[in-house]
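Fold and geometry: a report
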Amino acid sequence: GRTIEEATKRAQTNESKGYSYSYDMLGEAALTERDAQRYMKAYEEAIISIGKVADPSKSLRENPGISVKLSAIHPRYEENQRKRVLDEIPPR
(Lines give C-alpha, C1' and ligand atoms only; values in the text may rest on other atoms or scores of the structure.)
Protein backbone atom coordinates (compact mmCIF):
# COMPACT_ATOMS: atom_id res chain seq x y z
CA GLY A 1 0.00 0.00 0.00
CA ARG A 2 0.98 3.60 -0.45
CA THR A 3 0.06 4.34 3.15
CA ILE A 4 0.23 2.20 6.28
CA GLU A 5 -3.57 2.29 6.52
CA GLU A 6 -3.87 1.01 2.95
CA ALA A 7 -1.29 -1.70 3.60
CA THR A 8 -2.90 -2.96 6.81
CA LYS A 9 -6.29 -3.04 5.12
CA ARG A 10 -4.90 -5.09 2.21
CA ALA A 11 -3.30 -7.49 4.69
CA GLN A 12 -6.55 -8.35 6.49
CA THR A 13 -7.52 -11.21 4.16
CA ASN A 14 -4.22 -13.02 4.50
CA GLU A 15 -3.97 -12.28 8.23
CA SER A 16 -7.27 -14.10 8.70
CA LYS A 17 -5.51 -17.12 7.12
CA GLY A 18 -2.66 -16.95 9.63
CA TYR A 19 -0.16 -14.73 7.81
CA SER A 20 1.58 -11.90 9.61
CA TYR A 21 3.35 -8.84 8.23
CA SER A 22 6.28 -6.61 8.99
CA TYR A 23 5.81 -3.26 7.32
CA ASP A 24 8.63 -1.31 5.73
CA MET A 25 8.61 2.34 4.72
CA LEU A 26 10.66 2.57 1.55
CA GLY A 27 12.90 5.32 0.31
CA GLU A 28 13.73 7.14 3.48
CA ALA A 29 17.21 8.36 4.37
CA ALA A 30 17.63 11.46 6.49
CA LEU A 31 20.08 13.94 5.09
CA THR A 32 19.15 16.71 7.52
CA GLU A 33 17.71 16.93 11.04
CA ARG A 34 14.49 18.17 9.47
CA ASP A 35 14.32 14.98 7.36
CA ALA A 36 14.96 12.88 10.46
CA GLN A 37 12.15 14.58 12.37
CA ARG A 38 9.75 14.11 9.45
CA TYR A 39 10.59 10.39 9.21
CA MET A 40 10.32 10.00 12.98
CA LYS A 41 6.81 11.45 12.84
CA ALA A 42 5.91 9.11 9.97
CA TYR A 43 7.18 6.12 11.98
CA GLU A 44 5.21 7.23 15.04
CA GLU A 45 2.02 7.50 12.96
CA ALA A 46 2.67 4.09 11.35
CA ILE A 47 3.22 2.45 14.75
CA ILE A 48 -0.05 3.93 16.02
CA SER A 49 -1.88 2.60 12.93
CA ILE A 50 -0.36 -0.85 13.34
CA GLY A 51 -1.31 -0.83 17.01
CA LYS A 52 -4.93 -0.24 16.06
CA VAL A 53 -5.06 -3.44 13.98
CA ALA A 54 -2.97 -5.55 16.36
CA ASP A 55 -4.75 -8.25 18.34
CA PRO A 56 -3.71 -8.26 22.01
CA SER A 57 -4.80 -11.90 22.33
CA LYS A 58 -2.13 -12.92 19.79
CA SER A 59 1.59 -13.25 20.31
CA LEU A 60 4.09 -10.63 19.20
CA ARG A 61 5.06 -12.87 16.28
CA GLU A 62 1.46 -13.20 15.12
CA ASN A 63 0.86 -9.44 15.12
CA PRO A 64 2.10 -6.94 12.54
CA GLY A 65 5.41 -5.21 13.03
CA ILE A 66 7.47 -2.46 11.44
CA SER A 67 11.07 -2.20 10.33
CA VAL A 68 12.64 1.06 11.53
CA LYS A 69 15.69 2.26 9.65
CA LEU A 70 18.09 4.08 11.93
CA SER A 71 19.44 5.97 8.91
CA ALA A 72 15.99 7.51 8.57
CA ILE A 73 15.78 8.88 12.10
CA HIS A 74 19.28 10.36 12.25
CA PRO A 75 20.94 12.47 9.54
CA ARG A 76 24.48 11.39 10.43
CA TYR A 77 24.08 7.63 10.84
CA GLU A 78 27.65 6.78 9.86
CA GLU A 79 30.70 5.27 11.60
CA ASN A 80 32.64 8.50 12.01
CA GLN A 81 29.64 9.95 13.91
CA ARG A 82 29.30 6.94 16.23
CA LYS A 83 29.33 8.83 19.55
CA ARG A 84 26.85 11.43 18.36
CA VAL A 85 24.53 8.79 16.93
CA LEU A 86 24.66 6.68 20.12
CA ASP A 87 23.92 9.78 22.21
CA GLU A 88 21.03 10.99 20.06
CA ILE A 89 19.16 7.94 18.73
CA PRO A 90 18.14 6.15 21.97
CA PRO A 91 16.02 9.05 23.27
CA ARG A 92 14.14 9.12 19.96
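The notes below deal with the structure included here. Residue numbers here run from 1 along each chain, matching the order of that chain's written sequence. For this predicted model, a pLDDT threshold of at least 70 governs which residues receive local features, and a threshold of 80 or more governs which side-chain atom pairs are given and counted, while totals over whole chains, interfaces and linings are taken from all residues. Neither water nor hydrogens contribute to the side-chain values; these are computed over all heavy atoms in the structure.

**Regarding the environment of Lys-52**
Only DSSP runs of H or I reaching four residues or more are called helices, and only runs of E reaching two or more are called strands; each is numbered from the N terminus. Along the polypeptide, Lys-52 turns up in helix 2 (residues 33-53). Under the scheme applied here, a residue whose accessible area is under 20% of the maximum for its type counts as buried, over 50% as exposed, and between as partly exposed, the area being computed with a 1.4 Å probe on protein chains only. A residue is classified by how much of its surface remains accessible, and Lys-52, at 67% relative accessible area, is exposed.

**A word on a nonpolar patch on the surface**
On the surface, Ile-47, Val-68, Leu-70 and Tyr-77 cluster together into a nonpolar patch covering about 340 Å² of accessible area. Structurally, Val-68 can be placed in the loop between strand 2 (65-67) and helix 3 (70-73). We classify Val-68 as partly exposed; its relative accessible area is 39%. Like charges within 9 Å and nonpolar side chains (Val, Leu, Ile, Met, Phe, Trp, Tyr) within 5 Å are joined into patches, using only residues over 30% in relative accessible area that form no salt bridge. Every accessible area reported is derived by Shrake-Rupley at a probe size of 1.4 Å, with residue values counting cover from the shown protein chains alone. Any carboxyl oxygen of Asp or Glu within 4 Å of a side-chain nitrogen of Lys or Arg constitutes a salt bridge here.

**What to know about the pattern of salt bridges**
Summed over all chains, the structure comprises eight salt bridges. Across the pair Glu-6 and Arg-2 runs a salt bridge, and its minimum N-O distance is 3.4 Å. Ionic pairing is found between Arg-76 and Glu-78, a salt bridge with its closest N-O pair at 2.9 Å. A relative accessible area of 32% means that Arg-76 is categorised as partly exposed.

**Observations concerning the layout of surface pockets**
Here a cavity denotes grid points, spaced 1 Å and computed from the protein atoms alone, that fit a 1.4 Å probe unable to get out, and a pocket denotes an open set having protein on both sides within 12 Å along at least 5 of 7 lines; residues with an atom within 4 Å of a point are the lining. Grid points are joined across faces, edges and corners, and a volume is the space filled by probe spheres set on the points. If you add up the space inside the largest pocket, you get close to 160 Å³. Together, Gly-1, Arg-2, Thr-3, Ile-4, Ala-7, Tyr-23, Asp-24, Met-25 and Leu-26 line the largest pocket. For the lining of the largest pocket, the secondary-structure elements that each account for two or more residues are helix 1 (4-15) and strand 1 (22-24). Residues that form the lining of the largest pocket fall into these classes: five nonpolar, two polar and two charged. In this classification, the charged set is Asp, Glu, Lys and Arg, the nonpolar set is Ala, Val, Leu, Ile, Met, Phe, Trp, Tyr, Cys and Pro, and all remaining amino acids, among them Gly, are polar.

**Some remarks on the environment of Pro-90**
Its place among the elements puts Pro-90 in the segment after helix 4 (82-88). With 38 residues separating them in the primary sequence, Pro-90 and Lys-52 have C-alpha atoms 25 Å apart.

**What about the packing of aromatic side chains?**
Centres within 6.5 Å are what make two rings of Phe, Tyr or Trp a pair, Trp counting through its six-membered ring; a difference in plane orientation under 30 degrees is then read as stacked, over 60 as edge-to-face, and the rest as tilted. Counted according to the given criterion, the structure contains one aromatic pair. Pairing Tyr-21 with Tyr-23 gives two aromatic rings, centres 6.1 Å apart and planes at 20°, and the pair type is stacked. On the basis of relative accessible area, Tyr-21 is assigned to the partly exposed category, the value being 27%. Note on Tyr-23: relative accessible area 9%, which makes it buried.

**Quick word on the nonpolar core**
We call a set of buried residues a nonpolar core when its members are Ala, Val, Leu, Ile, Met, Phe, Trp, Tyr or Cys and they connect through side-chain atoms within 4.5 Å of each other. Grouped together as the largest cluster of nonpolar side chains are nine residues: Ala-30, Ala-36, Tyr-39, Met-40, Tyr-43, Ala-72, Ile-73, Val-85 and Ile-89. Those elements giving two or more residues to this core turn out to be helix 2 and helix 3. Of all hydrophobic cores here, the second largest spans six residues; its members include Ile-4, Ala-7, Ala-11 and Ala-46.

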